[in-house]
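# Structural overview for review
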Amino acid sequence: MAVIFKDVHTESGLKSLEDHLSANSYISGDALTKDDIKVYGAVVEKPSDAYPNANKWYESVSEKLAASFPGQAVGVTFSSHQVSASSAPVEEKKKEVAADEDDDDLDLFGDETEEDKKAAEEREAAKKASTKKKESGKSSILLDVKPWDDETDMQKLEETVRSIHMEGLTWGASKLVAVGYGIKKLQIMMTIVDDLVSVDNLIEDYLTVEPANEYIQSCDIVAFNKI
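Presented here is a report on the structure given in the accompanying data block. The structure displayed is predicted, hence computed values, not measured ones. (Residues numbered from 1 in each chain as written. Predicted model: local features only at pLDDT ≥ 70, side-chain atom pairs only at ≥ 80, totals over all residues. Heavy atoms only, no water.)

## Examining the environment of Ser198
Heads up, the condition is: Secondary structure elements follow DSSP: runs of H or I of four or more residues count as helices, runs of E of two or more count as strands, with numbering from the N terminus. Throughout this description, buried means an accessible area under 20% of the type-specific maximum (1.4 Å probe, protein chains only), exposed means over 50%, and partly exposed covers the range between.
Of note, Ser198 is situated in the loop between β3 (183-193) and α7 (199-207). Classification of Ser198 as partly exposed rests on a relative accessible area of 32%. Separated by 29 residues in sequence, Ser198 and Leu169 place their C-alpha atoms 9.7 Å apart.

## Let's talk about the pattern of salt bridges
Heads up, the rule is: One speaks of a salt bridge when a side-chain nitrogen belonging to Lys or Arg is within 4 Å of a carboxyl oxygen belonging to Asp or Glu.
Taken as a whole, this structure holds six salt bridges when the rule is applied. Linking Lys226 and Asp194 is a salt bridge whose minimum nitrogen-to-oxygen distance equals 2.9 Å. In this pair, Lys226 is assigned in strand β4 (residues 216-226) and Asp194 in the loop between β3 and α7, connecting sequence segments 32 residues apart. Taking relative accessible area as the criterion, Lys226 reaches 44% and is therefore assigned partly exposed. Taking the relative accessible area as the measure of exposure, Asp194 reaches 23% and is therefore partly exposed.

## Regarding unusual backbone geometry
Omega for the bond connecting Glu210 with Pro211 falls within 30 degrees of zero, at 0 degrees, which places this linkage in the cis form. You can see Pro211 is positioned in the loop between α7 and β4. A positive phi angle is found at Tyr181, which is not glycine, with a value near 60 degrees. Its place among the elements puts Tyr181 in the loop between β2 (169-180) and β3.

## Quick look at the sheet that holds β3
Keep this limit in mind: For two strands to count as paired, DSSP must find a minimum of two bridges between them. Each axis is a line fitted through C-alpha atoms, and for a helix only the stretch in contact is used; angles between axes span 0 to 180 degrees, taken between their N-to-C directions. Residue contacts are defined here by distance: any two heavy atoms, one from each residue, within 4.5 Å place the two residues in contact.
Read across the open sheet, the four strands follow the order β2-β3-β1-β4; overall the sheet is antiparallel. The sheet terminates laterally at β2 and β4, the two strands that pair on one side only. On average, each strand axis in the sheet is tilted by 20 degrees relative to the strand beside it, whichever way the strands run. Relative to β4, strand β1 (residues 138-147) runs antiparallel, the two sharing nine bridges. By the bridge assignment, Ser139 is partnered in β4 with Lys226. On top of the sheet, helix α6 (residues 154-162) reaches β1, β2, β3 and β4; it is set at about 15 degrees to β3, its chief contact.

## Here's the deal with the environment of Pro52
Note that Pro52 resides in helix α3 (residues 52-68). Sequence separation between Pro52 and Leu21 is 31 residues; the distance between their C-alpha atoms is 9.3 Å.

## Comments concerning the environment of Trp171
The condition is simple: Side-chain atoms alone can form a polar contact between residues adjacent in sequence; in general such a contact is a pair of N or O atoms within 3.5 Å, and within protein one must be able to donate a hydrogen while the other accepts it.
Note that Trp171 resides in strand β2. Judged by its relative accessible area of 13%, Trp171 falls in the buried class. Between the C-alpha atoms of Trp171 and Val161, which are ten residues apart in sequence, the distance is 8.8 Å. With residues near it in sequence (within four places) discarded, Trp171 still touches Val161, Arg162, Ile164, Ile188, Met189, Met190 and Leu202. Engagement of the side chain of Trp171 in a polar contact is seen with the backbone oxygen of Val161, the distance being 3.5 Å. A polar atom in the side chain of Trp171 sits 3.0 Å from the backbone oxygen of Ile164.

## Thoughts on the packing of aromatic side chains
Selection rule: Centre distance within 6.5 Å is the pairing criterion for rings of Phe, Tyr and Trp, where only the six-membered ring of Trp is used; planes under 30 degrees apart are then read as stacked, over 60 as edge-to-face, and the remainder as tilted.
One pass over the full model with this rule turns up two aromatic pairs. Ring geometry for Tyr40 and Trp57: centres 6.3 Å apart, planes at 70 degrees, overall edge-to-face. Of this pair, Tyr40 sits in helix α2 (residues 34-42) while Trp57 sits in helix α3, and the two are 17 residues apart along the sequence. On the accessibility criterion, Tyr40 (3% relative accessible area) is buried. For Trp57, a relative accessible area of 2% puts it in the buried group.

## Overview of the pairing of β3
Pairing geometry for β1 and β3, over eight bridges, is antiparallel. Looking at the pairing, Ile141 lines up with Met190 of β3. Joining the antiparallel neighbours β2 and β3 is a turn of two residues, in which Tyr181 adopts a positive phi near 60 degrees.

## Here's the deal with helix α1 (residues 11-21)
Note the threshold: To obtain the arc, one takes the directions from the helix axis to the C-beta atoms.
Within α1, the full set of buried residues consists of Gly13, Leu14, Leu17, Glu18, His20 and Leu21. In a view along the axis of α1, the buried residues occupy a sector of 165 degrees, so they form one face of it. Summarising the geometry of α1, the exposed residues directed more than 90 degrees from the buried face are Glu11 and Ser12.

Listed below in structure tokens is the structure:
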């Protein structure tokens, strides 16, 4: 049975994770599974030495992911399907079937007519539309939004963030997290349609420019997970 810990970015959630890992090497036992990937993506940063079991688990998952997916940002976009069995044989079979269907459409006994050409174009357009629809997905992102100082109006800051509307973007739950010296940052969840919204562009073109930068000093992606 899958074991998924929620709110591991909070002290209580991290404590629950620590207690669980005191008797287990990984979330679901002695081997890395997709459950570890999900929890790992939700952990804001490497647990401190106050949580030795969680600290050791975090390092182990980081090393295994880095070895399995070289060149990919660890802890950001690893989705559960990346640690499951490969679907390559299934995809190859699909390609073979598609190739056979294409061969059946060829006219081996005469020249291609205008009707044949039009039918072929319609099939190709339908195939591209179907492929694009299948590739379109969603991602869940936890964003850190930092103010300029302790005098920044955090209510206005959140209102500024949520005032940004675009197709494929949905703002979710949020909370204020203390960072020290009386300063708090806004942590806010958002869901995006991958084909419609770029997180980098959202930050660079909307959140850190006028008028938003009156309240927002910087933004960081804490967790980025495919849905």
